[in-house]
Amino acid sequence: MIKRIVVLTGAGISAESGIQTFRAADGLWENHRVEDVATPEGFDANPELVQSFYNQRRRGLLSAAVQPNAAHIALAELEQNFHGELLLVTQNIDDLHKRAGSRRLIHMHGELLKMRCISSQQVFEILEDITPELRCPCCGLRNMLRPHVVWFGEMPLAMDDIYTALARCDVFVAVGTSGQVYPAAGFVEVANEAGARTIEVNLDDSARTSAFAEQRRGLASRELPALCR
Ligand code: BJW
């Protein structure tokens, strides 16, 4: 009997909601050097560029056109209907899982609709642009706020909770992730060691396909509702 499920999602699950993935030919990294916009060093060197990159993405996320798709909804419904424990771990910084109704959710790479004081590390919600003039709600100073996201070289969030759930899970499903970014790309090994059934849902092969016992090839919006039934 299946008692515990862990689902890992990546950019591919939000692609059909109109959010660009990172590594596709027309992806987010196409127009940006990763080192410039997704590292602490890039932020130190050019905070305006980094803030502008995330401000644009925040505006896009809040546009009316961006809504949860059938894959987000299938996972939220699974959580409601499943009698065991389901932990949803997303690498995505959008809020589409939340909007679809998922509640037991970890944003391991942070959240676009949150900002953080670089001094106190306090986290606040933000629906607007982060500008140099914006005063920090905790210290009242300018130029203290950064997006609450996890850049390369930084520690992803809630890792203890994630590894605890992986070590106990019966089923592990990875959806729409290229398997190129660690530690998330290594979760399948932890699940395999736990004896879990491991399933990859993706349009194409990923860098970690061979580590999964089963593959479902196709759009997340088609494959996930079928898998969750
Ligand atoms: C569809 C679809 C549809 C499309 N339906 N599918 C070895 C071990 C540990 C660490 C390292 C290591 N080697 C190197 C590292 C360091 C580094 C790393 O991984 N580098 C690699 C480049 C090699 N990792 C880190 O620095 C991380 N921190 C860290 O390791 O701390 C130390 C530590 C060690 C051990 C344990 C714990 C901690 C931090 C990584 C932070 C990543 N940050 C970003 C930016 C976040 C903010 C933002 O959004 O801007 O996170 S980078 C970017 O990549 C973003 C994503 O979450 C992440 C993953 O991308 P994702 O989701 O896979 O997207 P794509 O575009 O790559 O793939 C999309 C997929 O969807 C494709 O496969 C398509 O086919 C598919 N698809 N449409 C189904 N409709």
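Residues numbered from 1 in each chain as written. Predicted model: local features only at pLDDT ≥ 70, side-chain atom pairs only at ≥ 80, totals over all residues.

Convention followed: UniProt positions are given in the numbering used here, feature names are shortened, and annotations may be inferred rather than shown by experiment.
The chain carries the name NAD-dependent protein deacylase in an unreviewed UniProt entry, which gives Spongiibacter thalassae as its organism. Of the chain, the UniProt comment under Function (unreviewed entry) reads exactly: "NAD-dependent lysine deacetylase and desuccinylase that specifically removes acetyl and succinyl groups on target proteins. Modulates the activities of several proteins which are inactive in their acylated form." For the chain, the Sequence similarities (unreviewed entry) comment in UniProt is given as "Belongs to the sirtuin family. Class III subfamily."

### What about the overall build of the chain?
The condition that has to hold: Elements are defined by DSSP. Helices are runs of H or I of four residues or more, strands are runs of E of two residues or more, and each kind is numbered from the N terminus. As defined in this context, the radius of gyration uses C-alpha atoms, and a globule is described by 2.2 Å times the residue total to the power 0.38. Comment: burial labels come from other C-beta atoms within 10 Å of the residue's own C-beta, placed from the backbone, where a count of 20 or more is buried, 12 or fewer is exposed, and between is partly exposed. For the purpose of contact definition, each residue receives a C-beta atom placed from its backbone, and two residues are in contact when these atoms lie within 7 Å.
Helix and strand content of the chain: 9 helices and 9 strands. In terms of overall size, the chain behaves like a compact globule, its C-alpha atoms giving a radius of gyration of 18 Å where 229 residues would be expected to give roughly 17 Å. Considering only C-alpha atoms, the chain reaches an extent of 55 × 35 × 30 Å along its principal axes. For the chain, the proportion of its 229 residues judged to be buried stands at 39%. Of the contacts made within the chain by residues no fewer than 6 positions apart, 61% connect residues no fewer than 24 positions apart.

### Topic: the sheet that holds strand β9 (residues 214-217)
Rules: The pairing criterion is simple: DSSP has to find at least two bridges between the two strands. Lines fitted to C-alpha atoms define the axes here, with helix axes fitted over just the stretch in contact, and angles between the N-to-C directions of these axes take values from 0 to 180 degrees.
Judged by pairing direction, the sheet is parallel, and its 6 strands sit side by side in the order β3-β2-β1-β7-β8-β9 without closing on themselves. Because the sheet does not close on itself, it has two edges, and the strands there are β3 (105-107) and β9. Taking the axes of each pair of neighbouring strands and ignoring which way they run, one obtains an average angle of 15° across the sheet. Direction of pairing for strand β2 (residues 85-90) relative to β3: parallel, over a ladder of 3 bridges. Its bridge partner lying in β3, Leu88 is registered against Leu105. Across the sheet, helix α7 (residues 159-168) lies against β1 (4-9), β2, β3 and β7 (171-175), angled at about 130° from β1, the strand it touches most. In the packing of helix α9 (residues 220-228) onto the sheet, contacts are made with β7, β8 (197-202) and β9, and the angle to β8 comes to roughly 150°.

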